[in-house]
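As a plain string of letters, each chain reads:
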Amino acid sequence: MRLCPTLTSLLVLLGLYGICTGFVQENCINYIHRYDRVYSVPGDVAMLNSDLLSRSVFDFTSVLYNFTWYNSKTNQEIKNESSRILILNETLWFLKTTLDDKGKYMAILRTPSQCFIQTFNLDVDQQVSGECWRPKKAHQTLSGGVNGILSCPLRDYIDKLHSYNITSSLTWLRGCDPIKDWTRRNDSTAAIQLYINEAGLENNHFYTCTLTFTLGGVTGSISETIKTEVTVETYGVPQVQEPSGETIKAQIGSSFRKQCLVFVPSVGNTSVTVIWFVNKMPIPTNKPTQRIYTTDKRNRSQDVPVKGIFFERVLIISELKEEDFHLNYTCHVFSDRGSPQGYFTLLPADPNILLPIGLVFGGAMVLFIASVIICYVFKVDIVLWFRRAFPGLYANTDLDSKLYDAYVAYPQPCDTGFSEEIERFAIHTLPKVLENSCGYQLFIAGRDCLPGEAIVDSVEESLKASRCVLLLYTASTFISKKHTGNDNKISKSSNSYEKSGIKTKDESSSGIYDGEKEFYPDAKQQFTCAVAMHKALMEGSLKVILVELEEISPDELALLPESVRQLRKEQGAVRLWKNQKKKQRSGTCMWNREDEEKGEWDTQLSPALSPSSRFWKEMRYHMPVKSKKRRTLT
């Protein structure tokens, strides 16, 4: 399909026009500048400053780009003009504006893959004859009766010149009169502020600040006029109470809130602007759809201790990401009295070590409790294993001049508490296990006593030659048949044999004197052993192992000698009857109802003969530790 000649010619002409003018409309991303309108008067300097060279737009440090300014009236690219127009990358300077410069200007930034555009309006108004102030004026308020501050609106110009390392000078006019002695300070903010002492109605005037500098070989100036209004309200310099330069740690992925709290000492209304910044970029307000935003400004009054108003604006981050950390978040306050700011630094939180510490501590506690329980329950087995595994850690008992490992004391024939079961246990069962299987040397009364030997001498010498005493007893062992209350004579007596009713070898050995001039020859063996045991207990020279053959009731326990009761309380006793009851419950022994009715079960002393049974383990646990040389048990 062929186009008509007229339409073809029109398209060619438009293409040639675009090429000749140097501007072809592109599909560029439009960035709106915060201050897109600039006011000037003929002869003043005007600056159009684009902020497209920002990391929020693209990474200008690593991506190639081209920056171009265009005049929308002529659709032509703007070039440098000597003494009139100067382009310094993203900034377009009019060194001496004219009425013809009024119009719209576009800054276009191109990269190999993108295009960005910003539009500016330059208004050039004729200066009114006879007036020293500018047609377009800024408005600032002073509080009557107190010191006030006027801020020159040329801060952007000063900062830009400072980036070029160009010095400038600032002057102030009140109406048309120069202010000679206005206060200057070293910091950049105070350098453009005019301090007015005790503002009154006479300060309802026009104040003009003029900035003079040399740029591109041309000396120029720019002025701004402030129309002041003195009000009856008074307020002081805003005070940023939060944030205060602290470092805050937070968990990645969590939400975060931080308030900016500003206090303004004031009487009446006051006007303050509170804005949050991150990396010098303002954070949008009241936009929950964005991940980072701030709430609306809220305020509340305070009367004491200082009358004033609190302003609050909360920074909200719905979900913290890695790029949010190691940044300074700044709360900036703008007011006629000053522009203080506070900031905080956000850092990732340290790893939570409380949980692992708690787990380790809890595990250690469980292990400790389990170890205590195991040691308590298996104490006997553990000690016996340790003796068997490390015999060299124990002293050689062959060097202590003792002949016997234990002296076995039990009720002798004709003594109270004697029974054939106890005698069989002492003379046959004990040696069969402790001597034959375990290698111990026992002195057993009734088996190892020499005929005709004095009883007291035999007992004393045998005890001295023994490392410990095995005291076999039942509930009736220490109870006299005729005088049940006289048994405590033994335990409470001193070393004197007369107080126990025992005659020495120098006295008659035909009987015992009981205080009533009566002799009981049948009790001689029992009391002789009892006296020897009492001596061993009182002197503490021998270790005594209590072997309880029958279960003893609380009433029967009260009749035992006090020394035996005390020893039983401190170190316990090896209870044969308890092991026998376990055998009965487990059904490992044969028994019938007749035996039970006769009560023969409790008196039947027939423990298992294996050294590994519970009873014999307890006996070996209390017995003296055998040396490595004499050890025969495997």
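None of the values given here were measured: they were computed from a predicted structure.

Undergrad: I keep staring at the packing of helix H4 (residues 379-389) against helix H14 (residues 614-622) and nothing clicks. Help me out?
TA: Helix-helix packing is described using two parameters, namely the angle between the two axes and the distance between the axes. Taken N-terminus to C-terminus, the directions of H4 and H14 make an angle of 60 degrees; their axes are 10 Å apart at the nearest point. If you check the angle between H4 and H14, you find them oblique. The two elements H4 and H14 meet at a crossing, and its hand is left-handed. Of the residues in H14, those in contact with Lys379, Val380, Asp381, Val383, Leu384 and Arg387 of H4 are Arg614, Lys617, Glu618, Arg620 and Tyr621. Each residue belonging to the contact of H4 with H14 can be placed in one class, and the counts come to four nonpolar, no polar and seven charged.

Undergrad: Looking at this structure, I do not really get the environment of Thr270. What am I missing?
TA: In this structure, Thr270 sits in the loop between strand S20 (256-267) and strand S21 (273-278). Judged by its relative accessible area of 17%, Thr270 falls in the buried class. Taking the C-alpha atoms as reference points, Thr270 and Asp336, separated by 66 residues in sequence, lie 9.8 Å from one another. Residue contacts for Thr270: discarding those within four places in its chain leaves Tyr235, Val264, Ile309 and Phe311.

Undergrad: Explain the packing of aromatic side chains here, please?
TA: Aromatic ring pairs: the centre-centre distance and the angle between the two ring planes describe each pair. Following the criterion strictly, the structure yields 23 aromatic pairs and no others. A ring pair is formed by Trp93 and Tyr157, whose centres lie 6.2 Å apart and whose planes are at 70 degrees; its orientation type is edge-to-face. Pair noted here: Trp93 is in strand S7 (residues 91-94) and Tyr157 is in helix H2 (residues 155-163), with a separation of 64 residues, a long-range link. Of the residues examined, Trp93 reaches a relative accessible area of 0% and is grouped as buried. Judged by centre distance (4.8 Å) and plane angle (25 degrees), the ring pair of Trp133 and Phe206 falls under stacked. Here the residue Trp133 occupies a position in the loop between strand S9 (115-124) and strand S10 (137-143), and Phe206 occupies one in strand S15 (residues 206-215), the gap between them amounting to 73 residues.

Undergrad: Explain the sheet that holds strand S22 (residues 281-282) here, please?
TA: Backbone hydrogen bonds hold the strands of a sheet together, and the pairing may be parallel or antiparallel. As summarised here, the arrangement of the five strands in space is S19-S27-S26-S21-S22, forming an open sheet in which the pairing is mixed. Of all the strands in the sheet, the pair left with one neighbour each is strand S19 (247-250) and S22. In this structure, S21 lies alongside S22, joined through two bridges in antiparallel fashion. The partner of Phe277 across the bridge, within S22, is Pro282.

Undergrad: Please clarify how the state of the cysteines should be interpreted in this entry.
TA: Linking two cysteines covalently through their sulfur atoms gives a disulfide. Within the structure shown, the criterion is met by four disulfides. The residue that forms a disulfide with Cys28 is Cys115, at a sulfur-sulfur distance of 1.8 Å. Disulfide Cys28-Cys115: the torsion about the S-S bond is 65 degrees, which places it as right-handed. Residue Cys28 is located in the loop between helix H1 (5-21) and strand S1 (29-30), and its partner Cys115 is located in strand S9; the two are separated by 87 residues in the primary sequence. The same class applies to Cys28 as to Cys115, namely buried. Disulfide pairing places Cys132 opposite Cys176 at an S-S distance of 1.9 Å. Measuring handedness by torsion sign, the sulfur bridge of Cys132 and Cys176 sits at about 105 degrees and is right-handed.

Undergrad: I keep staring at the nonpolar core and nothing clicks. Help me out?
TA: Looking at soluble globular proteins, one finds that nonpolar side chains tend to be buried together. By size, the foremost hydrophobic cluster in this structure holds 47 residues, and its most contacted members are Trp69, Trp93 and Trp172. Counting residues per element, this core draws most heavily on S15, at five residues. One finds Leu430, Leu434, Leu576 and Met619 within the second-largest nonpolar core, a separate group that totals 26 residues.

Undergrad: Before we go on, may I ask you to explain the environment of Met281 in this structure?
TA: Relative to the elements of secondary structure, Met281 occurs in strand S22. Along the sequence, Met281 and Tyr329 sit 48 residues apart, while their C-alpha atoms lie 9.8 Å from each other. In this structure, Met281 is in contact with Ser56 and Trp276, ignoring residues within four places of it in sequence.

What counts and what doesn't
Residues numbered from 1 in each chain as written. Predicted model: local features only at pLDDT ≥ 70, side-chain atom pairs only at ≥ 80, totals over all residues. Heavy atoms only, no water. Axes fitted to C-alpha atoms, helices over the stretch in contact; angles between N-to-C directions. Helix = DSSP H or I, 4+ residues; strand = E, 2+ residues; numbered from the N terminus. Parallel < 35°, antiparallel > 145°, perpendicular 65-115°, else oblique. Left-handed = near helix turned anticlockwise from the far one by under 90°. Contact = heavy atoms within 4.5 Å. Nonpolar A, V, L, I, M, F, W, Y, C, P; charged D, E, K, R; others polar. Buried < 20%, exposed > 50% of the residue type's maximum accessible area, 1.4 Å probe, protein only. Phe/Tyr/Trp six-rings, centres within 6.5 Å; stacked < 30°, edge-to-face > 60°. Pairing = 2+ DSSP bridges. Disulfide = S-S within 2.5 Å. Core = buried A, V, L, I, M, F, W, Y, C linked by side-chain atoms within 4.5 Å.

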